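# Coordinates in review
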Amino acid sequence: MRILLADAFPAAQLAELADHGHDCDYRPDTTADQLPDRLDGFDALVVRSTRVAVAALERADGLRLVIRAGAGTNTIDCAAASRLGIHVCNVPGRNAAAVAELAFALLLALDRNICDNVTDLRAGRWDKKRYSRARGILGRRVGVIGLGQIGLAFAERAAAFGMAVHAVAKPGRAPETLERANAIGVHFVDDLTTLARTCDVLSLHAPATDATRHLIDADLLAHVRPGTIILNTARGELVDEEALIEAMADKEIRVGVDVYADEPATSTGRIESRLARHPNVYGTHHIGASTEQAQQAVAAEVVRMVDAFESGTVLHCVNPQPATHSGERS
């Protein structure tokens with residue numbers, strides 16, 4: 001297969017793809033604007049953060065497979081891919097530990113004011129009196145919004161630190177999800193409003209969909225307890241940032257965030273975000289899945305998926321069954 005890899009990909013797995021007979025074109029600095037001019041003639045596209053819009057898909061003669069080297073596929077026009085007979089697949093679960101680790105790191109950092117500690121020490125300021133004040137997380141109630149692989153991984157870490165884990169009851173959850181949640185000791189509540197009223201930490205691990213857009217809005221924030229910590233390592237679209245900024249002032253909410261509503265499209269540049277600059281926020285640069293361990297695990301699964309596709313098996317397909325399987329355009 002001819003494969004365009006339009007984002008960073010580990011060298012070992014890139015060599016493995018070549019060893020398996022695939023023709024790989026590695027272009028890790030490809031932008032969304034450049035993608036339409038680079039896709040023609042490729043059978044498969046592998047991306048991480050690069051957006052794959054309808055304009056690129058329509059010009060990609062022969063393209064049969066798009067793999068998102070991660071879990072979320074909101075940056076790919078899946079409806080257009082289905083119309084054009086292109087499979088869109090993700091790599092679920094392989095980066096769950098990395099994202100959960102970052103979410104928990106943000107929680108600990110907020111509780112102990114780690115970032116401000118470091119900033120003051122580097123500036124030569126000693127303020128033990130200020131930084132000795134911390135609540136601690138043992139016994140605190142954390143609401144996990146989204147019990148997928150990442151949400152469960154975060155819940156396991158929270159439980160290991162002695163936190164009481166809560167989540168919203170949802171019909172139709174897979175038996176293995178419920179089994180894992182029960183092993184953690186998750187307390188289920190009826191709805192998101194009850195979760196907000198019950199917990200003093202909320203951690204977001206839901207996908208970005210029409211139903212989850214601005215899941216954290218002014219109405220929900222009205223029920224959040226004063227002093228609550230809110231963590232978002234999922235998607236920026238889940239949060240109404242202006243409503244959150246207002247609530248931070250009214251309720252002394254603190255926020256740990258790795259994702260933003262309007263992130264730069266490139267890996268470096270400037271970000272114009274009121275949320276990122278707010279003094280109640282500890283923010284990172286959308287790096288949740290960016291550990292070496294996670295990237296190796298994701299890349300290994302990408303290799304398996306490409307080989308399986310060439311043999312006629314489609315793994316982890318997330319878009320409705322494509323109309324064709326040969327790259328034909330309707």
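Keep in mind that what you see is a predicted model, and the values were worked out from it rather than measured.

On to the pairing of strand β7 (residues 164–168), then. On a regular strand, each side chain points to the face opposite its neighbour's, so the side chains alternate between the two faces of the sheet. The pairing of strand β6 (residues 141–145) with β7 spans 3 bridges and is classified as parallel. Along β7, the bridge assignment pairs G143 with H166. Sheet topology places β7 next to strand β8 (residues 187–189); 3 bridges connect them, and they run parallel. Directly across from A167, in β8, lies its bridge partner F188.

Attention now goes to the sheet that holds strand β5 (residues 87–90). Strand order in the open sheet formed by 5 strands is β2-β1-β3-β4-β5, with parallel pairing between adjacent strands. Two strands in the sheet have a free side with no partner beyond their single neighbour: β2 (23–26) and β5. The sheet shows a mean angle of 20° between the axes of neighbouring strands, direction not considered. Here strand β1 (residues 2–5) runs beside strand β3 (residues 44–47); their pairing, made up of 3 bridges, is parallel. Paired with L5 across the bridge in β3 is V46. Helix α1 (residues 11–19) contacts β1 and β2 of the sheet and is inclined by roughly 150° relative to β2. Here helix α14 (residues 292–310) sits on the sheet and contacts β1, β3, β4 (65–68) and β5; the angle it forms with β4, its principal contact strand, is near 165°.

All right, on to the state of the cysteines then. Considering all chains together, one arrives at 0 disulfides under this definition. Cysteine C24 is unpaired, with the sulfur of C89 as its nearest cysteine sulfur at 17 Å. For C24, a relative accessible area of 25% corresponds to the partly exposed category.

Below, the discussion takes up the confidence of the model for the chain. This prediction gives the chain a mean pLDDT of 94; 97% of its residues lie at or above 70. Across residues 325–330 the pLDDT falls below 50, and counting only partners more than four positions away or on other chains, this stretch makes 16 contacts in the model.

Quick look at the environment of V224 now. If you trace the backbone, V224 turns up in the loop between α11 (218–221) and β10 (229–232). For V224, a relative accessible area of 3% corresponds to the buried category. The spacing of V224 and L202 is 22 residues in sequence and 9.2 Å in space, taken between C-alpha atoms. Other than its neighbours up to four places away in sequence, V224 contacts A196, L202, K251 and I253.

A few words on the pattern of salt bridges. What the rule picks out here adds up to 16 salt bridges. As a salt-bridge pair, D200 and R135 come within 2.9 Å of each other at their nearest N and O atoms. Placement of the pair is D200 in the loop between α10 (192–198) and β9 (201–204) and R135 in the loop between α7 (128–131) and β6, with a sequence separation of 65 residues. D200 gets classed as buried once you look at its relative accessible area, which sits at 3%. When its relative accessible area of 58% is taken as the criterion, R135 is described as exposed. Where E272 meets R277, a salt bridge forms, and the shortest distance between an N and an O atom there is 3.2 Å. Among the charged side chains, a salt-bridge network with shared partners connects D111, R135, R140 and D200.

All of the buried residues along α1 are Q13, L14 and L17. Across the axial projection of α1, the buried residues extend over an arc of 105°, all falling on one side. The exposed set on the far side of α1, more than 90 degrees from its buried face, consists of A11 and D19. The elements touched by buried residues of α1 are β1, β2 and α14. Where α1 terminates, the next one or two residues include G21, which has phi positive at roughly 95°.

At a minimum axis distance of 9 Å, the contact between α1 and α14 shows a crossing angle of 10°. Overall, the two elements α1 and α14 adopt an arrangement that is roughly parallel. Side by side, α1 and α14 meet where Q13, E16 and L17 of the first sit next to Q296, A299, A300, V303 and V306 of the second. Across the contact of α1 with α14, the residue classes break down as 5 nonpolar, 2 polar and 1 charged.

Our focus in this paragraph is the environment of D262. Mapping D262 onto the fold places it in the loop between β11 (254–257) and α13 (274–277). With a relative accessible area of 62%, D262 lands in the exposed category. Spatially, the C-alpha atoms of D262 and V302 are 28 Å apart, while their sequence positions differ by 40 residues.

Conventions and cut-offs
Residues numbered from 1 in each chain as written. Predicted model: local features only at pLDDT ≥ 70, side-chain atom pairs only at ≥ 80, totals over all residues. Heavy atoms only, no water. Pairing = 2+ DSSP bridges. Helix = DSSP H or I, 4+ residues; strand = E, 2+ residues; numbered from the N terminus. Axes fitted to C-alpha atoms, helices over the stretch in contact; angles between N-to-C directions. Contact = heavy atoms within 4.5 Å. Disulfide = S-S within 2.5 Å. Buried < 20%, exposed > 50% of the residue type's maximum accessible area, 1.4 Å probe, protein only. pLDDT = per-residue confidence, 0-100. Salt bridge = Lys/Arg side-chain N within 4 Å of Asp/Glu carboxyl O. Arc of directions from axis to C-beta. Parallel < 35°, antiparallel > 145°, perpendicular 65-115°, else oblique. Nonpolar A, V, L, I, M, F, W, Y, C, P; charged D, E, K, R; others polar.

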